[in-house]
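Understanding the architecture of this molecule
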Amino acid sequence: MFLTLLSRHRTRVLLPLDGITILTVIPKWMPTIDGWDLFFNSVSSSGYNMVHFAPINTRGSSNSPYSIYDQLGISDDLYDAVPHELTEETKHNLMRDKIELVHQEFGILSVTDVVWNHTACNSKWLEEHPEAGYNLRTAPHLRPAYEVDEAIMEFSAHFSTKYHLNATLKSEEDLTRAMDKFRNEILPAVRLWEFYVLNVQDMTFEFRKHWNPDCDRQKYANLDLESLGLKGQASILRKDAVVDPKDGRFSKHLKISELVVPFVARLLDQRGKGWETEDAVRTFDVLINEMNLEYYQECDSDSSSIVEQTTHRARYLRVSDHGPKLGPVSLSDPLVDTYFTRLESNSRTANLHPDEMKLANNGWIWNADPLMNFAGPQSKAYVRREVIAWGDCVKLRYGDMPEDNPWLWEHMAEYTRKMARLFHGFRIDNCHSTPLHVASYLLDIGRAVRPDLYVFAELFTGSEEKDILFVSNLGINSLIREAMNAWDSFELSRLVHRQGGQPVESIPLEILGHRIHRPHASMNGNHHSKASPDLFIEVKGSAPHALFMDCTHDNETPHQKRTAEDTLPQAALVCMSNCAVGSVKGYDEIVPTLLNVVTETRKYRIPDSYEGILPARSTLNVLHTKMARDGYTEIHVHHENEFISVHRVHPLKHDGYLLIARTAFSKNTGSGVHSPIRLRNQMVKIIESVTLQVFADAKNQQGHSYVADATPKLNAEDEHADVPLPTSPTHIFHHMGQIPGGRPQFRRRVSVGVITGLPSTLHFSNQFTRKVSLQSYKFGEEEDSEFETVVTMDQDHFVPGSFVLLRTWVAGTGALWYTSDSDLWPPGLFDAIKNLGVVELNVALFRAEGEEQDVNGDGVYDVPQFGALRYCGLQGIVSALQPAAKVNDLGHSVFNNLRQGPWLMDYAVNRLAKYSQFYPALTHLREWLSARLRLVAKLGPSFTPKYFTLVMFAAYNACRYRAIEVMDGAHICPDISTRRVSSLETFSQSLALTSVQLYGQVKSTGLLAGKYPGKLGFTPDISELGEASLAAGLPHFSSRHMRCWGRDVFISLRGMLLLTGNYAGAREHLISFGSTLRHGLIPNLLDRGHFPRYNARDATWWWMWGVQEYCRGAPEGMSFLKTEVFRRFPPLPEFRGEGGGSEGSDDGDSYTDVNDPRTYKYKSTIAELCQEILQRHATGIKFREWNAGPQLDHAMSDAGFNIEVGTRWSDGTGFVFGGNRYNCGTWMDKMGDSEKAGNRGEPATPRDGVAIEILGLVKAALRWISQGVSANSTVWPWAGVKVKDESGERLVTYKEWNDMIQQSFERYFYVPIDKSQDSFYNIKPSLVNRRGIYKDVLGSSLEYADYQLRPNMYVTMVLAPELFTPSHAIEALRLGRDVLLAPLGIKTLDPADWNYRGVYDNGNDSNDRTVAHGFNYHNGPEWVWVAGYFLRAYVRFCSSDLRNDAQFDPTAAWVQRRLLVHKLHIFDTMSNPFAGLPELTNEAGAFCYGSCPTQAWSSGTLLELLHDLHIRR
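Residues numbered from 1 in each chain as written. Predicted model: local features only at pLDDT ≥ 70, side-chain atom pairs only at ≥ 80, totals over all residues. Heavy atoms only, no water.

1. What about the overall build of the protein chain?
A count of helices and strands for the protein chain gives 37 helices and 52 strands. Out of the 1513 residues in the protein chain, the part that is buried amounts to 60%. Taking all contacts inside the protein chain whose residues are at least 6 apart in sequence as the whole, residues at least 24 apart take part in 73%. Split by element, the accessible area of the protein chain, about 59400 Å² in all, is 50% carbon and sulfur. (Helix = DSSP H or I, 4+ residues; strand = E, 2+ residues; numbered from the N terminus. Buried < 20%, exposed > 50% of the residue type's maximum accessible area, 1.4 Å probe, protein only. Contact = heavy atoms within 4.5 Å. Areas by Shrake-Rupley, 256 points an atom, 1.4 Å probe, with all protein chains shown as cover.)

Following this line, the structure appears as structure tokens:
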């Protein structure tokens, strides 16, 4: 926030909140407004730009400005005219004109207190509107407090006459005698207990009157009352039957007939013997006395509090040395403050009820809850005497809304309007006790008059959370913080540090995060594009803004609490704080004691410019505002012995102001001194050196204090110097002007009738000082060698009550700042990244350790005391830096490592140099980084962390931008030409970057074995490296045969490659996997085609799904089906095309070595591969895996190597089935391998039979062919598949096969909610555990497994939604939402299932077969990719049919809320340095150590979901 200020030259300037220098004044001590010009000229000359007026309104009987008699009137004594000669309108206009003049002539804004919480006890309007206060009618619960207060008043009135006590309490013994009398005589006479207890006599009479032995006992029929005992019985009646209106003595009563009579009757029934009416009465009598026992105890507790609190208050007021030591106790000056105002009886109050004339006074309570009304019925603060009352102020009662007290709300609203017309801001007096809703309402009134109203407040909430509540609800701009609360120099340094600013060399938050935007020098070479017209504000979380006061009008002075000399260093330290600052009139003049706003009658005098600390104050205040305006937002505070140093630094230019102060908390000075301050590569110059000497004990012969003619005393060495303040490198906008020369002489001026400070001398120099010495040391002979400036403190000359202010600036920073306001891109960076492709970006940004070692033998950088980075590229560095940079943890291990040496900088550059031999385009980025990091290295260790971070984030964000630029932007971020992006778009960008993260080249593997005859695509053809491939996940699947998996690739294909525009990558994977088709199957484990493994039934169909998505999404469309693929293995003769036939004994399907001449001999089109897959599944597939045995799979049993797949033609379903009990051919493929637990060779989830997601994939393929592809005979010449059965061979068309599945699916898979519908479906009711679901498999060897609730059905809902009856699908989705869905993923098994185990631990070596060696991999742990499919299905089936863009879709909104967890996960590089979505999580989203932290299909399916949401928009 900025305020608009008129300078003394009448030009408008912006005043940032941190630049405020405010002075508090008490208007009744000021001259009348005709004399304000001289007064404010003095204030302005001291560098203040804002004045805080205590209330200017008509004061009440106490004469306190905070006890306002008339809120709508201005005090007459502020004007010279006779009071009756000025109307309120005239006074208002005169005040308005004068305040505006002060603003225009002196550049000073004016603010005032608004007092909304109370009014003066003698305000006349209370007589007409007593309902505005808490009187005994509007607040009858205060009557016991009033009775106690009356007793104290009566006690005070007859303190010596009747009670024979010393009227003036002079000792602790006097107080003890008085309080003994109060405890033993006065308080018991109040009969306080009558306000607490039930009247036994009256209640017994009522009970006897209403007793009915035949009453309805149903209320307590189910309770065994007798077993509860007497305490339990009384407790129930207290809770149920007591009514307490709190309106007088014995106001408590019981619901006799409704509850007490049935209760007693039930109790007597349970006692089981005959009874009479008198038995009931006796039972009731026992019960009511037991109930009253707790009430008596409550009364005793409150009575003890009354005595204790009254004693404490009386001790402070009358006995304690630090108290006011009031005079004799009397009715007019009672023992303690009165809690109530009693209105006078007169003609205006004649019609009032006596209770309306007793009004509660306001006050405050130690450690009270500010959200609780301590005068309300739920508080006992008044009766317990916990309120420190202000006897001159009546507390106002607003109620909950204006209708509750219309006159009061309107009266205070008009008061607020009047003040808002006069002043630029408000200080909310007693804010913590002002009801939030009232303050909010009245501030709205004030802001309607003056929208830019500056609002500050003093809060005593006791917690920062409560402070934030008030600040956020009321829009408070600043909270007052008090330097005088510091009890020593260490605490003062802490207060200076915490009031605002970032640590020196902090990392700018705007460089962090995930924002990507188009540079103004765009990629198309146009360097003249206009800057964005958008205004962007960096929103940074922080504590409430502070107004840091060196002393307030409520504080005791340094002279009272410390020493007078501490006035100077404290003022200087406060002015160096990075927040609004302020003081109170009299502090600068060294007024010795706190001025009492009630009793003080003297007036301010206009001081000479050289009095007190005024010469130093002027410099400090002007400097404070300058630092705020010019952006000196970084601060370093150091405390050592009595010394505190504060360094304010500009975050970009690195010039600054260094203050070193020696405090004077006591006369007993310590011997320690501040250690030398070492400033690397920084120049230093003195601005001013000041010492305050106060003659606190000087008096004249009449006993009056002297005032020094305190001309600043110059050091002897600089006695005649008149040197202006330094103007290099940055002018400070201040000079001392003409300083009178010579030694100060004391004038014996008597301070009678005016407020005067202590005599003092200010030893001042702006050029020379003996307090510190400055020395520079050079680290080399070269001209540009580094150097160090050392500031050394001299203990003898640097005495308490002194400070030195120095100017600092860094040599050579001009070359560092490499961005401008119009373009956030550093020069040269555009050109450095503009030619990078996906594989180059993979190297620049990512590369897991396994990938790096595979290519060049290096690993990730290991930071001492931190550990290894997760990536070798920029993401690894950024993931480590970002958490530390966000909180400015400049002591972080990475930053320490950077200060200690250039190793990380060298690592970042050198790895790119090694990769440049493969990727020449990286050379430009390497050169850019190298040049910038060389500059960083020259700056010296203290600046290295900040500028290394700047350089790394610049390069990182540039590469991120380039990565998005090369993608198909329509799918990722609709418009990256603007920085106005949603969190969903930012999330989609971060997900899309995982496609770059996981797509790259390594030496040990690729996509093709040997020399492929054809050209795959467009990735760099580098002989040393394999083809670019999509890793299943990192870091587990980084290289060799484990990198590339068929199932993972093709589940991920659309999201990771097609939606990101990497059509070449998608094409290459489809062709390479297609080339290895064997047995009618696509391999799951590719191994570059060397030793592929065909143990997955679903990988083939996911490949088919990938072909469909490629044809739909890639530019070449259906033409892709004509693409020829060279076959790695010879196919069966019937699939060899023209001229194909058997060669010798070769009938196809056999394994051949990569060097076999038949490798790549045969070729097929993509369409022919698809037809082959369909035909072979229709015919049936049966084989034993090549190389079967332990050498292939150490855990699998022999039977598991036998693969069989077929289609159910005989039952007319057309369902594709496969597998056996000993293998696991779907994605749930965990094979047990624990001998100890006995699960070795046993699949945890065999899912043999018809797996629902495979059936969905088959149906999707058939739909695609029968409803589109088959229409183009040049692309797809086949009508269907040939099937052999008992009647011979026949053709099943694709439409027929499609229809078979369509017509059979619901009947075979759905489990109805209504059991009566079971006969319509193919189910076994005895195996059903959940209804309203779809079977996970059909025909499993473990029959119960068919009916397990698993999330695979949701995959099919996306692949083949036409299979599902919508209402059934919605039921199943809602069940999944409530039972299976987890924070990041989705549970893989029903938590109610006997086999559910939610925590995966592959290292578990227990005897528990259900979890040993991670056997429960798919029996509970929560997988992310399936959650993506669930959410896609949920959007598809549960969303509204939006035909109007203005309509709100609650389903889409719900899905976006669910994605918040995913957003937070991928953005949080502290917990997720891999910057991706994990493979799975454990139960309830818990971290899983065995999971890949970034997995292709997790990101891919979420990207598809985001695309679905984008399309719906």
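The structure having been displayed, the exposition proceeds.
2. Structural notes on the packing of helix α27 (residues 1046-1058) against helix α37 (residues 1496-1512)
The contact between α27 and α37 brings their axes to 7 Å, and the two run at 35°. In terms of crossing hand, the pair formed by α27 and α37 is left-handed. The segment α27 lies against α37, with Arg 1047, Asp 1048, Ile 1051, Ser 1052, Arg 1054, Gly 1055 and Met 1056 engaging Ala 1496, Trp 1497, Ser 1499, Gly 1500, Thr 1501, Leu 1503, Glu 1504 and His 1507. For the contact of α27 with α37, the class distribution of residues is five nonpolar, six polar and four charged. (Axes fitted to C-alpha atoms, helices over the stretch in contact; angles between N-to-C directions. Left-handed = near helix turned anticlockwise from the far one by under 90°. Nonpolar A, V, L, I, M, F, W, Y, C, P; charged D, E, K, R; others polar.)

3. Looking at the pairing of strand β25 (residues 682-694)
The element β25 is largely enclosed, with a buried count of 10 among its 13 residues. Across six bridges, the pairing between β25 and strand β29 (residues 760-765) is antiparallel. Bridge assignment links Val 690 to a residue of β29, and that residue is Phe 764. (Pairing = 2+ DSSP bridges.)

4. Concerning the packing of helix α7 (residues 225-241) against helix α9 (residues 277-318)
Where α7 contacts α9, the axes come no closer than 9 Å and their chain directions differ by 75°. The angle between α7 and α9 falls in the class roughly perpendicular. From α7, Leu 230, Lys 231, Gln 233, Ala 234, Leu 237 and Arg 238 reach across to α9, where they touch Val 286, Leu 287, Glu 290, Met 291, Glu 294 and Tyr 295. By residue class, the composition of the contact of α7 with α9 is seven nonpolar, one polar and four charged. (Parallel < 35°, antiparallel > 145°, perpendicular 65-115°, else oblique.)

5. Focus on the pattern of salt bridges
According to the stated counting rule, one finds 94 salt bridges in the structure shown. One salt bridge in this structure joins Arg 183 and Asp 180, with 2.9 Å as the shortest N-O distance. In this pair, Arg 183 and Asp 180 both sit in helix α5 (residues 172-189), three residues apart, roughly one turn of the helix. Under the relative-accessibility criterion, Asp 180 is labelled partly exposed at 34%. Note that Asp 1198 and Arg 1184 form a salt bridge whose closest N and O atoms lie 2.4 Å from each other. Of the two residues, Asp 1198 sits in the loop between β40 (1181-1184) and β41 (1202-1207) while Arg 1184 sits in strand β40, which places them 14 residues apart along the sequence. Linked through salt bridges whose partners overlap, the residues forming this network are Arg 1054, Glu 1109, Arg 1112, Arg 1432, Glu 1504 and Asp 1508. (Salt bridge = Lys/Arg side-chain N within 4 Å of Asp/Glu carboxyl O.)

6. Re the packing of aromatic side chains
The tally for this structure, following the rule as stated, stands at 69 aromatic pairs. Consider the rings of Trp 29 and Tyr 604, whose centres lie 5.9 Å apart with planes at 85°: the pair is edge-to-face. Taken together, the residues span a long stretch of sequence, with Trp 29 in the loop between β3 (21-25) and α1 (36-45) and Tyr 604 in strand β20 (residues 603-604) at a distance of 575 residues. Exposure class is identical for Trp 29 and Tyr 604. Each is buried. Aromatic pair Tyr 1417 and Trp 1423: ring centres 5.0 Å apart, planes at 70°, arrangement edge-to-face. (Phe/Tyr/Trp six-rings, centres within 6.5 Å; stacked < 30°, edge-to-face > 60°.)

7. Quick look at helix α2 (residues 88-106)
Because the α-helix completes a turn every 3.6 residues, residues three or four places apart line up on one side. A rise of 1.5 Å per residue sets the reference length of α2, with its 19 residues, at 27 Å; its end C-alpha atoms lie 26 Å apart and thus fit the reference within 8%. When we look at burial in α2, the residues that qualify are Lys 91, His 92, Met 95, Lys 98, Ile 99, Val 102, His 103 and Phe 106. Down the axis of α2, the sector holding all buried residues measures 140°, keeping them to one side. Once α2 ends, the next one or two residues include Gly 107, with phi positive near 65°. (Expected span 1.5 Å × (residues − 1). Arc of directions from axis to C-beta.)

8. Looking at the sheet that holds β29
Across the sheet, which stays open at both edges, the seven strands sit in the order β17-β21-β22-β23-β32-β25-β29 with mixed pairing between neighbours. One side of each edge strand has no neighbouring strand; the edge strands of this open sheet are β17 (502-503) and β29. Here seven bridges tie strand β21 (residues 634-640) to strand β22 (residues 643-649), and the two strands are oriented antiparallel to one another. Among the inter-strand pairings, His 636 is bridged to a residue of β22, identified as His 647. Helix-sheet contacts for helix α13 (residues 489-498) involve β21 and β22, and the interaxial angle to β21 is about 175°. Seen against the sheet, helix α15 (residues 567-575) touches β22, β23 (656-662), β25, β29 and β32 (802-810) and runs at an angle of roughly 155° to β23.

9. Considerations on helix α23 (residues 922-939)
With 18 residues, α23 should reach 26 Å at 1.5 Å per residue; the first-to-last C-alpha distance of 26 Å fits that figure. Among the residues of α23, Leu 922, Leu 925, Trp 928, Leu 929, Ser 930, Arg 932, Leu 933, Val 936 and Leu 939 are the ones counted as buried. Backbone geometry just downstream of α23 places Gly 940 in the positive-phi region, at approximately 105°.

10. Points about the sheet that holds strand β24 (residues 677-680)
Judged by pairing direction, the sheet is antiparallel, and its three strands sit side by side in the order β24-β31-β30 without closing on themselves. At either end of the open sheet lies a strand with only one pairing partner, and these are β24 and β30 (772-778). Neighbour-to-neighbour, the strand axes of this sheet turn through a mean angle of 20°, independent of strand direction.

11. Brief notes about the confidence of the model for the protein chain
Mean pLDDT over the protein chain stands at 89; residues scoring 70 or higher make up 90%. Within the model, pLDDT remains below 50 along residues 520-538, and this stretch shows 25 contacts once partners closer than five positions in the same chain are excluded. Taken together, the stretch residues 700-751 has pLDDT below 50 and engages in 116 contacts with residues farther than four places along the chain or on a different chain. (pLDDT = per-residue confidence, 0-100.)

12. Quick word on the environment of Leu 94
Here Leu 94 is to be found in helix α2. Measuring from C-alpha to C-alpha, the distance between Leu 94 and Ile 33 comes to 8.5 Å, with 61 residues separating the pair along the chain. Setting aside its immediate chain neighbours within four residues, Leu 94 contacts Ile 33, Tyr 79 and Leu 86.

13. Quick look at the nonpolar core
Soluble globular proteins: nonpolar side chains tend toward being buried together. With 220 residues, the main nonpolar core has Trp 1103 and Trp 1297 as its most contacted residues. For this core, the leading source of residues is helix α24 (residues 944-965), giving 14 residues. Residues in contact with Trp 1103, not counting those within four places in the same chain, are Phe 1050, Leu 1070, Phe 1073, Gly 1074, Ile 1082, Ile 1166, Leu 1169, Cys 1170 and Ile 1173. Grouped together as the second largest cluster of nonpolar side chains are 74 residues, Leu 169, Phe 182, Ala 265 and Ala 314 included. (Core = buried A, V, L, I, M, F, W, Y, C linked by side-chain atoms within 4.5 Å.)

14. Some points on unusual backbone geometry
The amide bond that connects Leu 1034 to the next residue, Pro 1035, takes the cis arrangement and shows omega of 5°. Looking at the element boundaries, Pro 1035 is found in the loop between β37 (1033-1034) and α27. Positive phi is not limited to glycine here, since Asn 367 has a value of about 55°. Of note, Asn 367 is situated in the loop between β12 (358-364) and β13 (388-395). Using a relative accessible area of 75% as the deciding quantity, one classes Asn 367 as exposed.

15. Looking at the side chain of His 624
Position of His 624 among the secondary structure elements: in helix α16 (residues 614-630). Accessibility expressed as a relative area gives 0% for His 624, which makes it buried. Within polar-contact distance, the side chain of His 624 engages the backbone oxygen of Asp 18 at 2.6 Å. A distance of 2.6 Å separates a polar atom in the side chain of His 624 from the backbone oxygen of Cys 575. Ignoring sequence-local partners within four residues, the contact set of His 624 consists of Asp 18, Gly 19, Ile 20, Thr 21, Cys 575, Ser 577, Cys 579, Ala 580 and Val 581. (Polar contact = N/O pair within 3.5 Å; in protein donor to acceptor, adjacent residues only side chain to side chain.)

16. Some thoughts on the side chain of Arg 143
Among the structural elements, Arg 143 can be located in helix α4 (residues 143-157). Given a relative accessible area of 18%, Arg 143 falls into the buried group. Polar contacts involving the side chain of Arg 143 include one to the side chain of Asp 355, which spans 2.5 Å. When sequence neighbours within four positions are dropped, the list of residues in contact with Arg 143 reads Leu 136, Phe 195, Asp 247, Gly 248 and Asp 355.

17. Side note on the environment of Thr 1501
Position of Thr 1501 among the secondary structure elements: in helix α37. A relative accessible area of 0% means that Thr 1501 is categorised as buried. Thr 1501 sits 73 residues away from Gly 1428 along the chain, and the two C-alpha atoms are 5.1 Å apart. When near neighbours in sequence (up to four residues on either side) are disregarded, Thr 1501 contacts Ile 1051, Val 1424, Trp 1425, Gly 1428, Tyr 1429 and Arg 1432. Of note is the side chain of Thr 1501, whose polar atom sits 3.3 Å from the backbone oxygen of Trp 1425.

18. Quick notes on the state of the cysteines
Counting across every chain of the model gives zero disulfides. Cysteine Cys 1111 shares no disulfide, and the gap to the nearest cysteine sulfur, in Cys 1170, comes to 7.8 Å. Of the residues examined, Cys 1111 reaches a relative accessible area of 8% and is grouped as buried. (Disulfide = S-S within 2.5 Å.)

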